[in-house]
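# Observations on the three-dimensional arrangement
Here are the chains, one letter per residue:
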Amino acid sequence: MLLGLLILPVPVLSQPIGVPPIPVGRVETKPPLPPTERLVWQPGSWAWDATAERYTWHSGRHVIRRPGTTRYVPGRWVRASGDWVWRKARWR
């Protein structure tokens, strides 16, 4: 059952209409080595906070590597059909 969940399409979140452009990414200093081999670095990213009506920065962190995967693909903002959309992070 879990395997079936891993092959579903990646959900996409649309940026609300009238939202200002996404700020330039921040430079983060990635720790030199993860605390264990089971962890991989997830870079920080901007997220729209509709309540505050502004972007907030979510700092990078280590996340647990999923068994049977080779690499972590971080979430990112992409331009699609004239709008900015958020592609969630995923494992490959």
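Shown above is the structure to which this text applies.
Structural notes, computed from the coordinates. (Residues numbered from 1 in each chain as written. Predicted model: local features only at pLDDT ≥ 70, side-chain atom pairs only at ≥ 80, totals over all residues. Heavy atoms only, no water.)

### Section: the overall build of the chain
The line we're drawing: Strands here are runs of E lasting at least two residues and helices are runs of H or I lasting at least four, both read from the DSSP assignment and numbered beginning at the N terminus. When a residue's accessible area, from a 1.4 Å probe over protein chains only, is under 20% of the maximum for its type it is buried; when over 50% it is exposed; and in between it is partly exposed. Residue contacts are defined here by distance: any two heavy atoms, one from each residue, within 4.5 Å place the two residues in contact. Here, Shrake-Rupley sampling with a 1.4 Å probe gives the accessible areas, and only protein chains in the shown set may cover a residue.
On a plain count of helices and strands, the chain comes out with 1 helix and 9 strands. Along the chain, helices and strands appear, N-terminal first, in the series α-β-β-β-β-β-β-β-β-β. Taking all 92 residues of the chain together, 25% fall into the buried category. Residue pairs at least 24 apart in sequence account for 46% of intrachain contacts in the chain once pairs closer than 6 positions are excluded. In the structure as shown, the chain presents an accessible area of about 7200 Å², 59% of it carried by carbon and sulfur atoms.

### A short note on the packing of aromatic side chains
Put simply, the test is: When two rings of Phe, Tyr or Trp (its six-membered ring) have centres within 6.5 Å they constitute a pair, described as stacked for plane angles under 30 degrees, edge-to-face for angles over 60, and tilted for the intermediate range.
As enumerated under the stated definition, the model contains 2 aromatic pairs in all. With a centroid separation of 5.2 Å and 70 degrees between ring planes, the pair formed by W46 and W57 is classed as edge-to-face. Of this pair, W46 sits in strand 3 (residues 45-49) while W57 sits in strand 4 (residues 54-58); the two residues are 11 residues apart in sequence, bridging distant segments of the chain. For the ring pair W48 and Y55, a centre distance of 4.9 Å and an interplane angle of 70 degrees mean the geometry is edge-to-face. Owing to a relative accessible area of 23%, W48 belongs among the partly exposed residues under this scheme. With relative accessibility at 9%, the residue Y55 sits in the buried group.

### Focus on unusual backbone geometry
For E53, which is not glycine, the phi dihedral falls at a positive 55 degrees. By the secondary structure assignment, E53 is in the loop between strand 3 and strand 4. Even without being a glycine, S81 presents a positive backbone phi close to 55 degrees. You can see S81 is positioned in the loop between strand 7 (76-80) and strand 8 (83-87).

### With respect to the environment of P34
Inspection of the secondary structure assignment puts P34 in the loop between strand 1 (12-14) and strand 2 (39-42). In this structure P34 comes out as partly exposed when scored by relative accessible area, which is 36%. In this structure, the C-alpha to C-alpha distance between P34 and R61, residues 27 residues apart in sequence, is 9.8 Å. Ignoring any residue separated from it by four or fewer positions in sequence, one finds P34 in contact with L39 and H62.

### Details of the environment of R38
You can see R38 is positioned in the loop between strand 1 and strand 2. Relative accessible area serves as the criterion here: at 55%, R38 is assigned to the exposed category. In contact with R38, other than residues within four places in its own chain, are V63, I64 and R65.

Purely spatial values, then, with no claim about function.
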